[in-house]
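Given next are the chains, with one letter for each unit.
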Amino acid sequence: MLERLNSIEQEALAALQSANSKDALENWHTMYLGKKSPLMTILGDLGKLSHEERPAIGKRGNEVKKALEAAYADRVEAIRKAELQHSLTAGALDVTLPGRPQSRGRLHPHTQILREIYAIWAEMGFQVYRSRDVETDEYNFELLNIPQHHPARDMWDTFYTTTPGVILRTHTSPGQIHAMREYCPQPIRVILPGMCYRYEQISASKGIQFLQMEGLAVGKNIRLSDLLGTMSEFNRRIFGPDRKTRFRASYFPFTEPSVEVDVSCANCGGTGCGVCKHTGWLEIAGAGMVHPTVLKNGGYDPAVYSGFAFGMGPERIAMLRWGISDIRYFWGNDLRFLEQF
Ligand code: PHE
């Protein structure tokens, strides 16, 4: 029996040396120190031995058990240290490596052109007035002098919601009414930038959502010449002194008289090319003197007050400025496009 204990000890200690991982150690522990291991069985069965045998076997058995437990603890500690050492060398930081370059974002061309436009209008005394994207039929059409069955509604293909009378604004003009109702009877000089929505066939020049920027000036003695001078000055500041501005008579239900504002084509200098459809001119805004009915709807007495309004397309201006050929690029989120600005 003593013989047996000696060989258990030798075999266990040898096996322990080749246990190189936590798993292997656990297996070893079950095999040599577990409840069903030969050693524990011998110790558990001491009572079955004779009085003469029992003390020596018991003594030796406990010695072997202690020796194995001590060797096991040493081994556990050695493997823990080895694993720590390994992770330190394997995951070592090379502080001399160059850093990863931080990729810097940039402003979307929309934002860039808008900020430029805001700055110009700010210098001329216009402040930004925010107005809602979701409008009512009343504000988008009726208060702007476009009654329910007026044929002028054909100018705006509208997105209707499931709530009757609630629509996505087709232009920024309803903001005129909000601004007038808020400021009346004070004079007003505001620009109203924002998204507009039209149910339209998408093409290179038309999207179902696009930026618009309304302008509104209301006060006493505001005349058509103020509108023409202000628009010409804006064009000069955004496009440079070489461009000419032209006004054509037009029609909008909420302005009277109404004009279309054109700028001479930068691509050909006004002689005519593919960009300006051989006219030498590009349309950049609709404008006019605020219609008396609209002034009244905003709370102003048209006998005392007058005003002008315009609506321009910032995307159009950006396209002219940077030679962008398709309005859909603004919403494509294509980095090859965005990284050029
Ligand atoms: N709201 C008009 C449009 O979207 C543009 C416009 C605004 C015209 C203000 C005149 C005055 O077509």
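Since this is a predicted model, take the numbers as computed values, not measurements.

### Details of the overall build of the chain
Consideration 1: The number of helices and strands found in the chain is twelve helices and nine strands.
Consideration 2: A compact globule built from 341 residues would reach a C-alpha radius of gyration of about 20 Å, whereas the chain, at 42 Å, exceeds it by more than 25%.
Consideration 3: Viewed in the frame of its principal axes, the chain has a C-alpha envelope of about 130 × 45 × 35 Å.
Consideration 4: Expressed as a percentage of the 341 residues in the chain, the buried residues total 43%.
Consideration 5: A separation of at least 24 residues holds for 67% of the contacts in the chain among residues at least 6 apart in sequence.
Consideration 6: Surface summary for the chain: the accessible area is close to 19400 Å², and the carbon and sulfur share equals 53%.

### Notes on the packing of aromatic side chains
Consideration 1: Applying the stated criterion across every chain, the model contains 13 aromatic pairs.
Consideration 2: Seen in terms of ring centroids, tryptophan 28 and tyrosine 72 are 5.7 Å apart; in terms of plane orientation they differ by 5 degrees. Their pairing is stacked. On the criterion of sequence distance, the pair formed by tryptophan 28 in helix α2 (residues 22–33) and tyrosine 72 in helix α4 (residues 53–90) is long-range, its members being 44 residues apart.
Consideration 3: Overall, the relative accessible area of 3% leaves tryptophan 28 in the buried class.
Consideration 4: Relative to tyrosine 199, the ring of phenylalanine 159 has its centre 5.7 Å away and its plane inclined at 80 degrees; by these criteria the two rings are edge-to-face. Of this pair, phenylalanine 159 sits in the loop between α6 (137–140) and β3 (166–168) while tyrosine 199 sits in the loop between β4 (188–197) and β5 (209–219), placing them 40 residues apart in sequence.
Consideration 5: The class of phenylalanine 159 is partly exposed, set by a relative accessible area of 23%.

### Concerning the site of the ligand
Consideration 1: Taken together, 15 residues form the shell around the ligand, and within it His171, Ser173, Arg198, Gln212 and Glu214 come nearest.
Consideration 2: At 3.0 Å from a nitrogen atom of the ligand is found a side-chain nitrogen or oxygen belonging to histidine 171.
Consideration 3: Contacts to the ligand include glutamine 212, whose side-chain N or O atom sits 2.9 Å from an oxygen atom.
Consideration 4: Starting from 330 Å² of accessible surface for the ligand in isolation, the protein chains cover 93%.
Consideration 5: Considered class by class, the residues forming the shell around the ligand number six nonpolar, seven polar and two charged.

### Re the pairing of strand β8 (residues 281–290)
Consideration 1: Counting buried positions along β8 yields eight of ten residues, so the element is predominantly enclosed.
Consideration 2: Two strands pair when backbone bridges link them, and strand β7 (residues 255–264) and β8 are joined in this way by eight bridges, in the antiparallel orientation. Considered in β8, the bridge of serine 264 is made with tryptophan 281.
Consideration 3: The pairing of β8 with strand β9 (residues 306–312) spans five bridges and is antiparallel. By the bridge assignment, alanine 287 is partnered in β9 with phenylalanine 310.

### Considering the domain arrangement of the chain
Consideration 1: Assigned domains of the chain: these are domain 1 (2–89) and domain 2 (109–338).
Consideration 2: The straight-line distance from the C-alpha centre of domain 1 to that of domain 2 is 89 Å.

### Observations concerning the environment of alanine 67
Consideration 1: Along the chain, the position of alanine 67 falls in helix α4.
Consideration 2: Measuring from C-alpha to C-alpha, the distance between alanine 67 and leucine 13 comes to 9.0 Å, with 54 residues separating the pair along the chain.

### So, the pattern of salt bridges
Consideration 1: All told, the structure shown has 16 salt bridges when counted by the stated rule.
Consideration 2: Put simply, aspartate 262 and arginine 248 hold a salt bridge, and the shortest N to O gap is 2.7 Å. Residue aspartate 262 is located in strand β7, and its partner arginine 248 is located in strand β6 (residues 245–252); the two are separated by 14 residues in the primary sequence.
Consideration 3: Residue arginine 248 is classed as partly exposed on the basis of its relative accessible area of 32%.

About the criteria used
Residues numbered from 1 in each chain as written. Predicted model: local features only at pLDDT ≥ 70, side-chain atom pairs only at ≥ 80, totals over all residues. Heavy atoms only, no water. Helix = DSSP H or I, 4+ residues; strand = E, 2+ residues; numbered from the N terminus. Rg over C-alpha atoms; globule rule 2.2 N^0.38 Å. Buried < 20%, exposed > 50% of the residue type's maximum accessible area, 1.4 Å probe, protein only. Contact = heavy atoms within 4.5 Å. Areas by Shrake-Rupley, 256 points an atom, 1.4 Å probe, with all protein chains shown as cover. Phe/Tyr/Trp six-rings, centres within 6.5 Å; stacked < 30°, edge-to-face > 60°. Near = heavy atom within 4 Å. Polar contact = N/O pair within 3.5 Å; in protein donor to acceptor, adjacent residues only side chain to side chain. Nonpolar A, V, L, I, M, F, W, Y, C, P; charged D, E, K, R; others polar. Pairing = 2+ DSSP bridges. Domains from an automatic or database assignment. Salt bridge = Lys/Arg side-chain N within 4 Å of Asp/Glu carboxyl O.

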